[in-house]
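Inside the fold
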Amino acid sequence: MNGGMDVLSVRRMIAESEPGSSRSSPGGPSQRSPLNRTNRTYPGHTFFLALCVFVILVGVGLAAYPWVTNLWAARVQDSLKSDLPGNASDYRAGLLANGEALMRVRVPRLDIDVIVVEGTSEASLRAGAGHYPSSDLPESSGNVAIAGHRTTFGKPFNRMDELTPGDEIFVTTPLGRYTYTVIRSPWVVVPTDLSPLRRYPKRGSFLTLMSCHPEGSATYRIVARARLTRAVDRLLAVGGIR
């Protein structure tokens, strides 16, 4: 009997010493097999993973932003194009509010074709291009000043830096059609320099276009100027803008 007990004791001790055994040794803490240990999550690894995800999302957002704004502006432009002929009475009375269709600007050589709204606020420029309220209209002598985007919201003035003297710019309002001819190559000013809006030749009527420069940056402003060379003052047909 004692011999049997000794054999059982030896077998028990062997079993408890084998890897994976869940039994505790007498008088000591239980031992776990390395195979049964749960994976640990370290705070540093979690932060790094979250940072990577954040950077990826920001990158995707920045890449998609111009595309989304261009799509938005295209839909706005479609609506404004149909609104322009119907704004004749308010246009004549100077009652058009910010964001309403004011005129159409085209430069066929550079594929520029945009409906310009009244105002240059951030909301107004989401249409693509806006008229400085303090500047003149084509029907009066002076300077018609327009600001437009180069890389977002339809990027109507994306190729503005390619304008050259002699290029024709066609402007259509609810009251008439006007042709302007570029008189000098585009030049660059700092954002706080608004002299292109106020300083222009005393004789004649002019059109001034402004946009951000260089492309994709708002560090400077690029300016182009054209002189009125032909005007056809007549009320456009309500059927649309040709």
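Residues numbered from 1 in each chain as written. Predicted model: local features only at pLDDT ≥ 70, side-chain atom pairs only at ≥ 80, totals over all residues. Heavy atoms only, no water.

Remarks on the overall build of the protein chain
- Looking only at helices and strands, one finds 4 helices and 9 strands in the protein chain.
- Taken from the N to the C terminus, the helices and strands of the protein chain come in the order α-α-α-β-β-β-β-β-β-β-α-β-β.
- By sequence separation, contacts in the protein chain at least 24 residues apart represent 59% of the contacts at least 6 residues apart.
- For the protein chain, the exposed area adds up to about 14,900 Å²; of that, 57% sits on carbon and sulfur atoms. (Helix = DSSP H or I, 4+ residues; strand = E, 2+ residues; numbered from the N terminus. Contact = heavy atoms within 4.5 Å. Areas by Shrake-Rupley, 256 points an atom, 1.4 Å probe, with all protein chains shown as cover.)

Thoughts on the pairing of strand S4 (residues 143-148)
- The element S4 is extensively covered by neighbouring structure, given that 6 of its 6 residues are classed as buried.
- Going residue by residue along S4, you find Asn143, Ala145 and Ala147 tucked away on one face and Val144, Ile146 and Gly148 tucked away on the opposite face as well.
- The pairing of S4 with strand S8 (residues 206-213) spans 5 bridges and is classified as parallel. Directly across from Ile146, in S8, lies its bridge partner Leu209. (Buried < 20%, exposed > 50% of the residue type's maximum accessible area, 1.4 Å probe, protein only. Pairing = 2+ DSSP bridges.)

Thoughts on the nonpolar core
- One finds Ile146, Ile169 and Leu209 to be the most contacted residues of the largest nonpolar core, which totals 28 residues.
- For this core, the secondary-structure elements that each account for two or more residues are helix H3 (88-93), strand S1 (101-107), strand S2 (112-118), S4, strand S5 (168-173), strand S6 (176-182), S8 and strand S9 (220-233).
- When residues in this core are grouped by element, the largest group, 4 residues, is from S1.
- Residues within four places of Ile169 in sequence aside, it is in contact with Val105, Arg106, Val107, Tyr178, Thr179, Tyr180, Val182, Leu207, Leu209 and Ala226. (Core = buried A, V, L, I, M, F, W, Y, C linked by side-chain atoms within 4.5 Å.)

Section: the pattern of salt bridges
- Taken as a whole and judged by the stated rule, the model has 6 salt bridges.
- One salt bridge in this structure joins Glu162 and Arg159, with 2.9 Å as the shortest N-O distance.
- For Glu162, a relative accessible area of 33% puts it in the partly exposed group.
- Among the ionic contacts, a cluster of salt bridges with common partners joins Asp111, Arg159 and Glu162. (Salt bridge = Lys/Arg side-chain N within 4 Å of Asp/Glu carboxyl O.)

Points about the confidence of the model for the protein chain
- Scored by pLDDT, the protein chain has a mean of 80; 69% of the residues are at 70 or more.
- Averaged over each element, pLDDT in the protein chain is lowest for helix H1 (residues 2-17) (58) and highest for strand S7 (residues 187-189) (97).
- Counting interchain partners and residues more than four positions distant, the pLDDT-below-50 stretch residues 21-25 has 8 contacts.
- Across residues 235-242 the pLDDT falls below 50, and counting only partners more than four positions away or on other chains, this stretch makes 19 contacts in the model. (pLDDT = per-residue confidence, 0-100.)

Re unusual backbone geometry
- With an omega dihedral of -5 degrees, the bond running from His213 to Pro214 counts as a cis peptide bond.
- Along the chain, Pro214 turns up in the loop between S8 and S9.
- Phi at Asp111 takes a positive value of approximately 60 degrees, unusual for a residue other than glycine.
- Along the chain, Asp111 turns up in the loop between S1 and S2.
- A positive phi angle, close to 50 degrees, is found at Phe153, a residue other than glycine.
- Structurally, Phe153 can be placed in the loop between S4 and S5.

Thoughts on the environment of Glu168
- As for its placement among the helices and strands, Glu168 is situated in strand S5.
- Distance in space between the C-alpha atoms of Glu168 and Thr181 is 4.6 Å, their sequence separation being 13 residues.

So, the environment of Thr69
- Among the structural elements, Thr69 can be located in helix H2 (residues 43-83).
- With a relative accessible area of 5%, Thr69 lands in the buried category.
- The spatial distance from the C-alpha of Thr69 to the C-alpha of Phe153 is 4.6 Å, given a sequence separation of 84 residues.
- Look past the residues within four positions of Thr69 in its chain and what remains in contact with it is Thr152, Phe153 and Gly154.

Quick look at the packing of aromatic side chains
- Across all of its chains, the model carries 1 aromatic pair by this definition.
- Summarising the aromatic geometry, the rings of Tyr200 and Phe206 are spaced 6.3 Å apart at their centres and angled 50 degrees between planes, so their arrangement reads as tilted.
- Accessibility expressed as a relative area gives 26% for Tyr200, which makes it partly exposed.
- Exposure remark for Phe206: the relative accessible area of 0% places this residue in the buried category.
- Between the NZ or CZ atom of Arg184 and the centre of the ring of Trp187, over which it lies, the distance is 3.7 Å. (Phe/Tyr/Trp six-rings, centres within 6.5 Å; stacked < 30°, edge-to-face > 60°. Lys NZ or Arg CZ within 6 Å of the ring centre and 35° of its normal.)

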